[in-house]
Amino acid sequence: MQYRNKPIFIIKKNMQKSVLTGVYFDSLITNEILTDCCFKILGLTDFDKQFVDNNYSDEFLDATYNHGRLAILQYHDIVYYISFSDERCEGRNSGIQSVPTAFNRYYLNQYKEKRLYFYFLPCSGNNATSYYQFMYRLMKTAGFEFINIPYTIGCINSFNSIDDIIRARKENGDKNSGNNATYLIKTDSHKYEIFGKTYGANKYDTSLICYAVSKLAGKEDCITLYEYNEKDLKELPEASLNVLQKMGNISIINIDDEIEKQELEENDSLRSPRFNARLLDRLGEKHCVLCDCGMSELVQAAHIWPVADIKKTSFSLENKLDFATDGENGLWMCQNHHKMFDSNLLFLSENGEISYCSDLSETDENYAKSITTKMMLDTKLITPKFREYIHKRYNA
Ligand SMILES: [Zn+2]
């Protein structure tokens, strides 16, 4: 990059849908906004600007439309990537959907002296929901500096640790609903799993969570991203995968039928990422259905119709895999309850009633009752398929 004595903004005029919407970037990013950016970043108000067409390219911009709602500011030998929020904040994350793209362009550029910023444009809709606040914190953690934070949003602090992200999620979210696009789960000391959906707006959540987690990961941390999807798009966008590869501390596993079939053939207790993903979708964050324990290290995916029994049937391998990974054939249980359920010390009826083995001593039965805080399973768990699986468990 050439040495610049005077700050210069170089900005692509066309956004992805400008031809359709008639909205071009030079009408959104006014001189006043650029002055604000220049002053807040550099303390200067005198600058040059160039709005350029799709065919323009240099070492920071490709010959295409404006990816990532970016302005590139160059001054002396430093380049500043500035990403602008969307003018609409209607959908769950529509205000910041360009953020991962902006981050990818910044991160994958080889130039050393670079900085990353975010600017809030005036927007319609509420960009201060707890969901947005969570996303801003992820952005800050990943490396964004905020140029102007609206007073409705307040202070944006980065997360201190991966556990800190998990805690914030738990404190904000409804653990019983499977509405999250991305789940971040601690499975053991220094072991984390990210279940990330990759289609539609979900890929933005997944990318941002991964970037923040990667930034916070220590040497001893072991992190796996499971990409999953029930639709056709199987992977994160190529640029996001390239970023994760360059970050180098998250292993990426695409949930795949063939691997799961092999697992099923070789093992009687299937440790299936797909089964986990479906339970997360159906039941939300890991929490024991019998005692509400939410410590994810202790909570496991319990099969209702056991894998060993499924394997004894004459169904095809495909069908067996469908049963073994069906979200309705599973419940979250803490280790104690999982073991009690599998050892028939505790029973579940088709109506969700809980009972205990009649051979238990009084002391043991009292203990079992004392750790089982639920009198019955939640009624939303009692579906026709649940009844069917319970029936198969005890009568097949
Ligand atoms: Zn439990």
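Below: a short report on this structure. (Residues numbered from 1 in each chain as written. Predicted model: local features only at pLDDT ≥ 70, side-chain atom pairs only at ≥ 80, totals over all residues. Heavy atoms only, no water.)

**Some thoughts on the pattern of salt bridges**
Next, step 1: Applying the stated criterion to the full structure yields 21 salt bridges.
Next, step 2: We note a salt bridge from Arg69 to Asp86, for which the minimum N-O separation is 3.7 Å. Taken together, the residues span a long stretch of sequence, with Arg69 in the loop between β2 (48-52) and β3 (70-76) and Asp86 in the loop between β4 (78-84) and α4 (99-108) at a distance of 17 residues.
Next, step 3: For Asp86, a relative accessible area of 11% puts it in the buried group.
Next, step 4: The partner of Asp326 in a salt bridge is Lys385, with the nearest N and O atoms 2.7 Å apart. (Salt bridge = Lys/Arg side-chain N within 4 Å of Asp/Glu carboxyl O. Helix = DSSP H or I, 4+ residues; strand = E, 2+ residues; numbered from the N terminus. Buried < 20%, exposed > 50% of the residue type's maximum accessible area, 1.4 Å probe, protein only.)

**Section: unusual backbone geometry**
Next, step 1: At His76, a position not held by glycine, the phi torsion is positive, near 50 degrees.
Next, step 2: Take His76: it is sitting in strand β3.
Next, step 3: Of note in this structure, His190 is not a glycine but carries a positive phi near 65 degrees.
Next, step 4: Looking at the element boundaries, His190 is found in the loop between β7 (182-188) and β8 (191-197).

**Concerning the layout of surface pockets**
Next, step 1: Approximately 950 Å³ is the volume found for the largest pocket.
Next, step 2: What lines the largest pocket is a set of 37 residues, and nearest its centre among them are Gln16, Tyr65, Gly68, Ser98 and Thr101.
Next, step 3: Residue assignment for the lining of the largest pocket shows that the elements contributing at least two residues are α1 (18-21), α4, α7 (202-216) and α8 (238-247).
Next, step 4: Here the element with the most residues in the lining of the largest pocket is α4; it accounts for 5 residues.
Next, step 5: Across the lining of the largest pocket, the residue classes break down as 11 nonpolar, 15 polar and 11 charged.
Next, step 6: Split by domain, the lining of the largest pocket shows at least three residues from each of two domains, domain 1 (4-148) and domain 2 (162-254).
Next, step 7: Quantified by volume, the second largest pocket comes out at close to 710 Å³.
Next, step 8: Residue lining of the second largest pocket: 32 residues in total, with Leu270, Arg271, Gln300, Ala301 and His338 positioned closest to the centre.
Next, step 9: Put simply, the parts of the chain that give the lining of the second largest pocket at least two residues each are β7, β8, β9 (222-228), α10 (273-283), β11 (299-303), α11 (307-312) and α13 (335-342).
Next, step 10: Of the residues contributing to the lining of the second largest pocket, the split by class is 12 nonpolar, 11 polar and 9 charged.
Next, step 11: In terms of domain composition, the lining of the second largest pocket takes at least three residues from each of domain 2 (162-254) and domain 3 (282-396). (1 Å grid on protein atoms, 1.4 Å probe; cavity = no way out; pocket = protein on both sides within 12 Å on 5 of 7 lines; lining within 4 Å. Points joined across faces, edges and corners; volume = space filled by probe spheres on them. Nonpolar A, V, L, I, M, F, W, Y, C, P; charged D, E, K, R; others polar. Domains from an automatic or database assignment.)

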